[in-house]
Amino acid sequence: MSRSLPPLNPLHVFDVVARLGNFTLAAEELNVSQSAVSRQIAVLEGYLQRPLFHRDRRGATLTPAGAAYHREIAPAFSRIVNATQRMRQAAKAEPLHLQVYHTFAAKWLIGRLPRFEKDHPEINVRISTVAAVADFSRGHVDMAVLFGNGDWPGLAAHRLFADVLQPVCSPLLLRGELPLREIDDLRRHRLLVSRLRRSDWRDWLAAVGRADIPVTGMEFSSSVLTYQAAVTGLGVAMGQVRLLEGDIEAGLLVPLFGRTLERRLSYYAVYPEDRPLNYRGRAFLAWLEREVRPYAA
């Protein structure tokens with residue numbers, strides 16, 4: 001035999017009215033009209049075939065049948081409320097799992113995270129760094145930041161900012177014996193190259209009409225190491241300008257030649273189209289979009 005359940009919305013309204021002893025107060029708590037409360041009670045009384053309240057000018061009092069019924073169902077509503085609160089608290093306590101590139105995390109994200117934590121102290125962000133496209137199939141990642149053209153099948157992509165390239169070096173190098181005032185001066189300096197972004201130097205040199213300058217020098221396994229080598233004065237690196245804002249503002253790196261190249265590739269915040277972001281993800285995405293708003297000005 002299937003279980004016989006009364007209409008649940010009228011049952012909820014009945015519990016509120018019985019608890020407050022007043023149709024008007026119940027309507028205020030439920031954010032509906034008093035007539036809507038009366039209709040819901042009438043539906044439940046019709047289903048149970050019993051009057052549940054005595055109505056008078058002072059309010060509403062339970063009939064004996066109504067009082068007996070409320071004693072039975074009230075604990076169930078209390079358990080539902082308590083279970084829901086525990087579930088919501090547990091959901092808020094879960095971290096936001098974010099997967100990003102190592103350079104993006106080290107040079108752009110981490111320095112800004114205190115601002116996010118100030119706005120959302122209740123959200124714990126857990127960051128992992130990989131060079132590959134995020135694998136959402138295992139359910140361990142809520143959101144990722146990817147670099148590309150924004151076309152990843154099955155992923156919703158929110159553009160953050162474009163890839164802007166410009167040579168950078170340490171002020172120490174500028175104070176050295178070899179000048180760095182003109183692009184041709186690069187021939188007399190060591191070029192620092194990231195293995196994962198080998199084409200950056202060639203793309204920039206081609207854009208400024210100096211593809212004749214050879215890209216030879218010291219190669220590193222990551223952009224982070226390349227930029228650190230530039231900070232120490234080992235040579236000139238091709239910088240991702242928007243990732244290096246902190247180093248430039250701190251005077252650790254200096255942009256050279258006043259020539260930038262904005263490529264068609266950009267950084268994107270992505271997540272699965274069939275798995276909408278939860279509260280934590282929506283809050284983090286909104287914060288990211290506020291942080292990159294100056295780039296659109």
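Above this text is the structure in question.
About the thresholds
- Residues numbered from 1 in each chain as written.
- Predicted model: local features only at pLDDT ≥ 70, side-chain atom pairs only at ≥ 80, totals over all residues.
- Heavy atoms only, no water.
- Core = buried A, V, L, I, M, F, W, Y, C linked by side-chain atoms within 4.5 Å.
- Buried < 20%, exposed > 50% of the residue type's maximum accessible area, 1.4 Å probe, protein only.
- Helix = DSSP H or I, 4+ residues; strand = E, 2+ residues; numbered from the N terminus.
- Contact = heavy atoms within 4.5 Å.
- Phe/Tyr/Trp six-rings, centres within 6.5 Å; stacked < 30°, edge-to-face > 60°.
- Lys NZ or Arg CZ within 6 Å of the ring centre and 35° of its normal.
- Salt bridge = Lys/Arg side-chain N within 4 Å of Asp/Glu carboxyl O.
- Pairing = 2+ DSSP bridges.
- 1 Å grid on protein atoms, 1.4 Å probe; cavity = no way out; pocket = protein on both sides within 12 Å on 5 of 7 lines; lining within 4 Å.
- Points joined across faces, edges and corners; volume = space filled by probe spheres on them.
- Nonpolar A, V, L, I, M, F, W, Y, C, P; charged D, E, K, R; others polar.

## With respect to the nonpolar core
Item 1. One finds Phe 104, Trp 108, Leu 109, Leu 160, Phe 161 and Phe 284 to be the most contacted residues of the largest nonpolar core, which totals 38 residues.
Item 2. When residues of this core are traced back to their parent elements, those giving at least two are strand E3 (96–100), helix H5 (102–109), helix H6 (113–119), strand E5 (143–148), strand E6 (155–169), strand E11 (261–272) and helix H11 (279–291).
Item 3. Those residues in contact with Phe 284 that lie beyond four places of it in its chain are Leu 96, Leu 98, Leu 109, Leu 113, Phe 116, Val 125 and Met 143.

## Looking at the packing of aromatic side chains
Item 1. Scanning the model with the defined rule gives 16 aromatic pairs in all.
Item 2. Ring centres of Phe 284 and Trp 287 lie 5.3 Å apart, and the angle between their planes is 45°; on these two criteria the pair is classed as tilted. Pair noted here: Phe 284 and Trp 287 are both in helix H11, with a separation of 3 residues, about one helical turn. Each member of the pair, Phe 284 as well as Trp 287, is classed as buried.
Item 3. Feature note: the residues Phe 104, Trp 108, Phe 147, Phe 161, Tyr 267 and Tyr 295 constitute an aromatic cluster, connected by ring pairs.
Item 4. Directly above the ring of Tyr 295 sits Arg 242, whose terminal nitrogen or CZ lies 4.7 Å from the centroid.

## Section: the pattern of salt bridges
Item 1. As enumerated under the stated definition, the model contains 19 salt bridges in all.
Item 2. Here Asp 185 ties to Arg 188 by a salt bridge, and the two come within 2.5 Å at their closest N and O atoms.
Item 3. The exposure class of Asp 185 is buried, given its relative accessible area of 7%.
Item 4. If you follow the salt bridges from partner to partner, you end up with Asp 163, Arg 197, Asp 200, Asp 203 and Arg 263 in one network.

## So, the pairing of E6
Item 1. Across the 15 residues that make up E6, a large majority, 12, are buried.
Item 2. Pairing geometry for E6 and E11, over 9 bridges, is antiparallel. The partner of Ala 157 across the bridge, within E11, is Val 270.
Item 3. Looking at chain direction, E6 and strand E10 (residues 254–255) are connected through 2 bridges and run antiparallel. Note on E10: the bridge partner recorded for Cys 169 is Val 254.

## Some details on the layout of surface pockets
Item 1. Quantified by volume, the largest pocket comes out at close to 300 Å³.
Item 2. The wall of the largest pocket is formed by 15 residues, among which Tyr 101, Thr 103, Ala 131, Leu 196 and Ser 223 lie closest to the centre.
Item 3. Looking at the lining of the largest pocket, the elements that each hand over two or more residues are H5 and helix H9 (223–231).
Item 4. Taken together, the residues that form the lining of the largest pocket break down as 8 nonpolar, 6 polar and 1 charged.

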